[in-house]
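Secondary and tertiary structure notes
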Amino acid sequence: MDGPSHLLSLKVMRVSRPSLASAWQPFYSSSPSFSAHSTASIMSLQGNTPLSGHPKTLRDFTQATELLTLPASFGAIQLGETFSSCLCVNNEAQVDVESVKMTVEMQTVTAKVLLAEFGGPDCRLSVADTLEHVIHHEIKELGQHVLACTVSYRLPPSVRISAQNQSEDSADPTLQSFRKFYKFVVANPLSVKTKVHTTRSPSAILDINQRDKVFLEVHIQNMTQEPIWFERMIFESVDGWEAQDANKVSGGREEDGLFSASMELMHPQDMRQYIYVLKPSTLTLEPPIYTPGTSIPLGRLDLSWRSSYGEPGRLLTSMLSRRIPLPSSTPKPNQPASALPPYLKRTVVASTPGSTTPSRPNSPGPGSRPGSPFKNRPASMGPARVQSPPPATQLNPLPALDVNLLVTDMDRNAIRVQHPFNVRMTLTVSTSIPFEKRHYNRVVTLAVQSIEPQGKVLPIAPPVQLTTSEPFTRIASPGMPTPTQSPTSTAFSSPVVQQRVLTSSPRQNTVELGPYNTQVLLPLPLSHAALPCNNISYCGPSAIILDPVQLVDAEGQDAGPIPQRKVHAVQEFDLTYMALRPGFTTFGGLRILLIEDKFVGVIPGMEDEVQTQQGQTAQVIKEWEVTGEVWVSSQ
């Protein structure tokens, strides 16, 4: 017998939840029978006692009925939804068909996934029989999707093979197959945008618990045409980071969030803003250093929701990261336009050594005036000036010292007006030991100097002994009273002399280091980086010399020149301040000075190398304009 092109047919239907059918019905407010019928309906909005003149059911508001209706079209498929489809293979021939097999695949731009494979050599479809199967697939990609269905079967012996029923397998001409493709586009249900913020306040930057925190701001917008109900929103941080959900309601239960209960419903085009606080799992004294332009992964956002009729949706975002900005280059200012016209401008010609460029184009040269009495006058030759040799350059400069400051202890609740308070700080010093200095220990002496804004008239105070822990360190001030003199010395009796010495005198204090008789000048405690602060005053000497610290690389003494490891040293010191006015204020401009830098030999008999020169000014390593922000109580 002759048959159609194929004995089997394939139908694919999308499985989706039904919706409520809408039909207009009259609203009877004064009929007892209709009111009783509306009250008994499953869509009733009231109890057994009807309210006169008020709607009785949901139908009176939205024209919805108790009937359910299936979607008339394929509809839209969103990212994160579960695509469900029913596939039906029907036998439309008048004979039985054997070896019915079906393969279903989901194809995207980047992947091909096998969803189902049912039937086989033992599957037999009788006349008008149907082979059905429901598939489910979670949509995880955007863009074009193709549902590829392949059906294969064997022709019965009574069916003659025609030109339309050519088999793909030449060895078995009875094996028939056909394929169908169903294309659809997946849209994005949510728009997720992020911003990354870091700590900027001075008090947070110098706090080890607040310095490395990252604030992740997330904006979520509903891009669908229906409202969605959020069931879960969790931020999953990567290894090395700890995430804190800052969207919790203060004083509520742990599971209560800012957008909980009725606020979990998000209407179309609505936008929500969430914040998550991330901090490293391991805290270090030194801040981490990132290369500009790199991206630091932070984590993913796991979202779960349901649509208006309960369809589930789940979305796991791509890796959210923090990008380290590149250093901004300062553009050169544009030169102002000249007011002269081009023909009046002089052309500047680059002169070469030994050539003479006339100031005017038509001026005669020096040899064009033969009658000049000054033509044959010999040039005056002065005594040759002896040039000083250029300074010797250091072929292998020492690695720079890197210092970091942390505020480790401060009782903020005890800060009151006219009461001193102490601030404990930790100074971390790090550097690398060169390979040629591997048998030396680097010993540095640092000083902490309190700084004031440039141009400020410092208060009149008696000279104070510079605090130090070394017995051989002493302070000498040329032309100024020594610390052993009486505070009532006549050297500071004149206010003019006091102001000259404290603000504009070029003379500086000197630190004399006993074992090497090296004098180091201290800069004035004034800086452009310091911020003016009139609410809190520093109590204590202008500079405090810290104990010498040794930077030792014990593991690198026998290692090669590359790589060089960093060595660290930690010092703690206390500073005392006094609040003068109540309110919120900043305080604490500080400067770290390098007093002495030397290399001490580890092997007996090796001579020490002192890097500090005689009469050299102490090197400013780093400055902080503010070291703290506090609230001063009036009581």
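About the thresholds
What you see as residue numbers is a count from 1 along each chain, following the sequence as written. Predicted model: local features are reported for residues with pLDDT of at least 70 only, side-chain atom pairs are reported and counted for 80 or more only, and whole-chain, interface and lining totals are derived from all residues. For the side-chain quantities, the full set of heavy atoms in the structure was used; hydrogens and water were omitted. Numbering of helices and strands starts at the N terminus; helices are DSSP runs of H or I of at least 4 residues and strands are runs of E of at least 2. It only takes one pair of heavy atoms within 4.5 Å for two residues to be counted as in contact. Paired strands, in this sense, are two strands between which DSSP finds at least two bridges. Axis definition: a line fitted to C-alpha atoms, over the contacting stretch in the case of helices. Angles run 0 to 180 degrees between N-to-C directions. Throughout this description, the term salt bridge denotes a Lys or Arg side-chain nitrogen within 4 Å of a carboxyl oxygen of Asp or Glu. Categorising residues by exposure relies on relative accessible area from a 1.4 Å probe, with only protein chains included: less than 20% of the type maximum marks a residue as buried, more than 50% marks it as exposed, and the intermediate range marks it as partly exposed. Using a 1 Å grid laid over the protein atoms alone, points where a 1.4 Å probe fits but cannot get out form a cavity; open sets with protein on both sides within 12 Å along at least 5 of 7 lines form a pocket; any residue with an atom within 4 Å of a point counts as lining. Grid points are joined across faces, edges and corners, and a volume is the space filled by probe spheres set on the points. Gly is placed with the polar residues, together with every amino acid not listed as nonpolar (Ala, Val, Leu, Ile, Met, Phe, Trp, Tyr, Cys and Pro) or charged (Asp, Glu, Lys and Arg). We call two N or O atoms a polar contact when they sit within 3.5 Å, provided that within protein one can donate a hydrogen and the other can accept it, with sequence-adjacent residues counted only if both atoms are side-chain atoms.

Moving on to the overall build of the chain. Tallying secondary structure elements over the chain gives four helices and 37 strands in all. Residue pairs at least 24 apart in sequence account for 77% of intrachain contacts in the chain once pairs closer than 6 positions are excluded.

So, on to the sheet that holds strand S32 (residues 566–579). As summarised here, the arrangement of the four strands in space is S21-S22-S32-S29, forming an open sheet in which the pairing is antiparallel. Where the open sheet ends on each side, the last strands, each with one partner, are strand S21 (402–409) and strand S29 (536–539). This sheet shows a mean twist of 35° between the axes of neighbouring strands, independent of strand direction.

Attention now moves to the pattern of salt bridges. One pass over the full model with this rule turns up 12 salt bridges. Residue Asp212 is joined to Arg211 by a salt bridge in which the shortest nitrogen-to-oxygen separation is 3.1 Å. Of the two residues, Asp212 and Arg211, neither departs from the other in class, the shared state being buried. When the shortest N-O distance is used, the salt bridge between Arg232 and Asp302 registers 3.0 Å. Of this pair, Arg232 sits in strand S14 (residues 228–237) while Asp302 sits in strand S18 (residues 295–306); the two residues are 70 residues apart in sequence, bridging distant segments of the chain. A relative accessible area of 3% means that Asp302 is categorised as buried. What you see here is one network of salt bridges that share partners, running through Asp96, Glu98 and Arg124.

The strand order across the open sheet built from three strands is S1-S5-S9, with neighbouring strands paired in antiparallel fashion. Strands with a single pairing partner mark the edges of an open sheet, and in this sheet they are strand S1 (8–14) and strand S9 (130–138). Along the sheet, successive strands turn relative to each other by an average axial angle of 20°, direction set aside.

Bringing the environment of Ser16 into the picture now. Following the sequence through the fold, Ser16 ends up in the loop between S1 and strand S2 (19–22). Taking C-alpha positions, Ser16 is 7.8 Å from Leu70, a pair spaced 54 residues apart along the chain.

The subject of this paragraph is the layout of surface pockets. Looking at the second largest pocket, its volume works out to about 790 Å³. Along its surface, the second largest pocket is lined by 33 residues, and Arg14, Ala76, Glu81, Glu226 and Glu311 are the ones closest to its centre. Here the residues of the lining of the second largest pocket sort into 14 nonpolar, 14 polar and five charged.

For the rest of this paragraph, the subject is the pairing of strand S17 (residues 271–280). In this structure, strand S13 (residues 214–222) lies alongside S17, joined through eight bridges in antiparallel fashion. Bridge pairing in S17 links Phe215 to Val277.

Residue position: Ser85 is located in strand S5 (residues 82–91). Owing to a relative accessible area of 1%, Ser85 belongs among the buried residues under this scheme. Here Met13 takes part through its backbone oxygen, which lies 3.0 Å from a polar atom of the side chain of Ser85. Not counting residues up to four positions away in its chain, the partners in contact with Ser85 are Val12, Met13, Arg14, Val15, His133, Val134, Ile135 and Leu147.

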